[in-house]
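A look at the structure
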Amino acid sequence: QVQLVESGGGLVQVGGSLRLSCTKPGRNFRNYAMGWFRQAPGKEREFVAAISWSGTSTNYADSVKGRFTISRDDAKNTAYLQMNSLEPEDTAVYYCAADRMGSGTKYLGNYDYWGQGTQVTVSA
């Protein structure tokens with residue numbers, strides 16, 4: 001069963017940009033905080049960015065602050081992650097997650113639904 005549908009991953013050169021999309025089917029999208037996490041080979045899954053269910057607050061990891069922007073469009077049941085000034089260290093599988101009535105925290109345990117992951121590769 002598909003929980004979240006992700007798209008937008010791919011190969012990009014250093015300094016380039018990429019936009020990831022995440023869609024949650026159903027009529028309750030507006031009730032969920034949305035988050036993005038990533039996992040590189042040999043590393044733990046780490047927090048990237050999140051936005052509250054109301055869209056009034058955002059949260060970013062220090063490593064991506066100023067380069068990445070998270071947003072949501074409730075009319076389209078979709079969350080986005082705009083990634084600019086990409087670096088080789090950004091290479092990872094990116095996962096979208098949803099937390100019902102959440103404020104958008106950095107903790108994996110707070111999220112109830114997850115996507116399948118999409119590969120982002122930044123060439124040096």
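Just so we're clear, the structure is a prediction, and the values are computed from it rather than from any experiment.

Details of the nonpolar core
Counting residues in hydrophobic clusters, the biggest one holds 35 residues, and the most contacted among them are Met34, Trp36, Val48, Phe68, Leu81, Met83 and Tyr94. Here the element with the most residues in this core is strand β9 (residues 92–100); it accounts for 6 residues. Contacts of tyrosine 94, omitting those with residues within four sequence positions, involve Glu6, Leu20, Trp36, Phe37, Arg38, Val48, Phe68, Leu81, Met83, Gly117, Thr118 and Val120.

Structural notes on the state of the cysteines
Taken as a whole and judged by the stated rule, the model has 1 disulfide. There is a disulfide in this structure between cysteine 22 and cysteine 96, and the S-S distance comes to 2.0 Å. Across the S-S bond of cysteine 22 and cysteine 96 the torsion is about -85 degrees, and the bridge reads as left-handed. Of this pair, cysteine 22 sits in strand β3 (residues 18–23) while cysteine 96 sits in strand β9, and the two are 74 residues apart along the sequence. Classification of cysteine 96 as buried rests on a relative accessible area of 0%.

Points about the packing of aromatic side chains
All told, the structure shown has 5 aromatic pairs when counted by the stated rule. Note on phenylalanine 37 and phenylalanine 47: the rings are 5.7 Å apart at their centroids and 70 degrees apart in plane angle, and the pair reads as edge-to-face. Of this pair, phenylalanine 37 sits in strand β4 (residues 32–39) while phenylalanine 47 sits in strand β5 (residues 46–51); the two residues are 10 residues apart in sequence, bridging distant segments of the chain. The exposure class assigned to phenylalanine 37 is buried, which follows from its relative accessible area of 0%. Judged by centre distance (6.3 Å) and plane angle (65 degrees), the rings of tyrosine 111 and tryptophan 114 are edge-to-face. Of the two residues examined, tyrosine 111 and tryptophan 114, each falls in the buried class. These aromatic residues form a ring-pair network of at least three members: Phe37, Phe47, Tyr111 and Trp114. The ring of tyrosine 95 carries arginine 45 above its face, with NZ or CZ at 3.7 Å from the centroid. Over the face of the ring belonging to tryptophan 114 we find arginine 45, whose NZ or CZ atom lies 5.3 Å from the ring centre.

A short note on the pattern of salt bridges
Going through the model one piece at a time under the given rule, you end up with 5 salt bridges. A salt bridge links glutamate 46 to arginine 38; the shortest N-O distance between them is 2.7 Å. With its nearest N and O atoms 2.9 Å apart, the salt bridge here joins aspartate 74 to arginine 72. The exposure class assigned to aspartate 74 is partly exposed, which follows from its relative accessible area of 34%. Salt bridges sharing partners connect three or more residues here, namely Arg38, Glu46, Arg67 and Asp90.

Some points on the sheet that holds strand β1 (residues 5–7)
Pairing within the open sheet is antiparallel, and its 4 strands lie in the order β1-β3-β8-β7. Each having just a single partner strand, β1 and β7 (68–73) make up the two edges of the open sheet. On average, each strand axis in the sheet is tilted by 15 degrees relative to the strand beside it, whichever way the strands run. Relative to strand β8 (residues 78–83), β7 runs antiparallel, the two sharing 6 bridges. Its bridge partner lying in β8, aspartate 73 is registered against threonine 78.

Definitions and cut-offs
- Residues numbered from 1 in each chain as written.
- Predicted model: local features only at pLDDT ≥ 70, side-chain atom pairs only at ≥ 80, totals over all residues.
- Heavy atoms only, no water.
- Core = buried A, V, L, I, M, F, W, Y, C linked by side-chain atoms within 4.5 Å.
- Buried < 20%, exposed > 50% of the residue type's maximum accessible area, 1.4 Å probe, protein only.
- Helix = DSSP H or I, 4+ residues; strand = E, 2+ residues; numbered from the N terminus.
- Contact = heavy atoms within 4.5 Å.
- Disulfide = S-S within 2.5 Å.
- Phe/Tyr/Trp six-rings, centres within 6.5 Å; stacked < 30°, edge-to-face > 60°.
- Lys NZ or Arg CZ within 6 Å of the ring centre and 35° of its normal.
- Salt bridge = Lys/Arg side-chain N within 4 Å of Asp/Glu carboxyl O.
- Pairing = 2+ DSSP bridges.
- Axes fitted to C-alpha atoms, helices over the stretch in contact; angles between N-to-C directions.

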